[in-house]
Amino acid sequence: MIQRDDIINVIFSAMEDLNTQLPQDKKIDKRLDVQLFGGQGNLTSLSLVRFIVAVEDRMSETFEKSVVLADERALSKEHSPFRSVAALVDYIENLLSENVDA
Amino acid sequence: MLSHIRDVLLPSNVNVVMTGRMLLLRPISKNELTREYLAWLNDPVINQYMSVRHRPQTFDTVAQYINALRCKPGCELLAIFFKKNHCHIGGLSLIEYDIDNGIASYGLMIGDHRAYQCGCGAEATLLYLTYIFADPKIRRVYVTVISSNRRAQQLIEEVGFQKEGVLRQHSVLASGEICDFYYYGMLKEEWGRYQDSFSDILKTARYEKF
């Protein structure tokens, strides 16, 4: 059973990798309430794709679970799952609990 | 209406399917020419930086646009889908393919505004650049952007395009605002230097001819 903290650790690990590629003023803090994309978020369209890819890859490596984060399902949410780290954790938890994978 | 469109659409001109991490791009078909697609083209927010902003679009004008592209070698309108469930979210036009001068150009529309939140424009652009620079006849890609379209400029600068020129007061928005027009370009050798830095996104990219 994958715990919420496990998901958070995977996301923070992906953020660490992404931060190595971002300029100093665009790095993202490893906090649940940090904004990712849109509004006050630091991620651009390109860095968001990198981040999504990194999280998906780590999910697969760490839990041997294949998840697709960016698809019609993500769009159907009233609030984007990529708006904040907390929203993304919630979204992944839901995906896993419903056993929705690639 | 759709049967009419089916009758008038020329066969696709660039028979390739581009598959990336999230997205799949292939020549648009009559199946994508829906009322929703027309609504994207006529939406003043979505079309504010597109040439279609000046005229209401109909199934006929869209078919004419596609056929005009399909009359030119190497040009096409690719529909953009989410790979997982083939949800149609936009289009990428292969606007110019000039082998005499070795240049190509493209235009991008993410029509489903919700797809902005997934970085779809970035992945579609990278898939196109990989595809077009693999062509030995093409050594330069250029793209034009209206000066007030900051989101597009940020994206193309991030993938490595250089701003090469400004056409002053070249465009008028629907609001009447007069804007400059920017030319951005990228050379094949520049893409060769940048491409590896996108390997995380492009490592699963596939290009299949049909």
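This write-up is about the structure you can find in this document. (Residues numbered from 1 in each chain as written. Chains lettered and ligands numbered in written order. Predicted model: local features only at pLDDT ≥ 70, side-chain atom pairs only at ≥ 80, totals over all residues. Heavy atoms only, no water.)

**What to know about helix H1 (residues 4–19) of chain A**
Residue and element names in this part refer to chain A.
Piece 1. Taking 1.5 Å per residue, 16 residues should reach 22 Å; H1 reaches 22 Å between its end C-alpha atoms and fits that length.
Piece 2. Of all the positions in H1, only Ile-7, Ile-8, Val-10, Ile-11, Phe-12, Ala-14, Met-15, Leu-18 and Asn-19 are classed as buried.
Piece 3. Looking at the packing, one finds that the buried side of H1 touches helix H2 (45–63) and helix H4 (85–97). (Helix = DSSP H or I, 4+ residues; strand = E, 2+ residues; numbered from the N terminus. Expected span 1.5 Å × (residues − 1). Buried < 20%, exposed > 50% of the residue type's maximum accessible area, 1.4 Å probe, protein only. Contact = heavy atoms within 4.5 Å.)

**What about the packing of aromatic side chains?**
Residues and elements named next belong to chain B.
Piece 1. If you walk through the whole model with that rule in mind, you get eight aromatic pairs over all chains.
Piece 2. On the basis of an interplanar angle of 40° and a centroid distance of 6.3 Å, the ring pair of Tyr-106 and Phe-161 is categorised as tilted. Here Tyr-106, found in strand E5 (residues 103–110), pairs with Phe-161, found in the loop between helix H5 (150–158) and strand E7 (162–172); they are 55 residues apart in sequence, far enough to count as distant. Phe-161 matches Tyr-106 in its accessibility class, with the two residues each being buried.
Piece 3. Relative to Tyr-207, the ring of Tyr-131 has its centre 6.2 Å away and its plane inclined at 20°; by these criteria the two rings are stacked. One end of the pair, Tyr-131, is in helix H4 (residues 120–133); the other, Tyr-207, is in strand E9 (residues 206–209), with 76 residues separating them in the sequence.
Piece 4. Residue Tyr-207 is classed as partly exposed on the basis of its relative accessible area, which comes to 28%.
Piece 5. In this structure, Arg-151 is placed above the aromatic ring of Tyr-116, and the distance from its NZ or CZ to the ring centre is 3.9 Å. (Phe/Tyr/Trp six-rings, centres within 6.5 Å; stacked < 30°, edge-to-face > 60°. Lys NZ or Arg CZ within 6 Å of the ring centre and 35° of its normal.)

**With respect to the state of the cysteines**
Piece 1. Scanning the entire structure with this criterion turns up zero disulfides over all chains.
Piece 2. The structure places no disulfide on Cys-71 of chain B, whose sulfur is separated from the nearest cysteine sulfur, that of Cys-75 of chain B, by 10 Å. (Disulfide = S-S within 2.5 Å.)

Any functional reading would require information beyond the geometric quantities listed.
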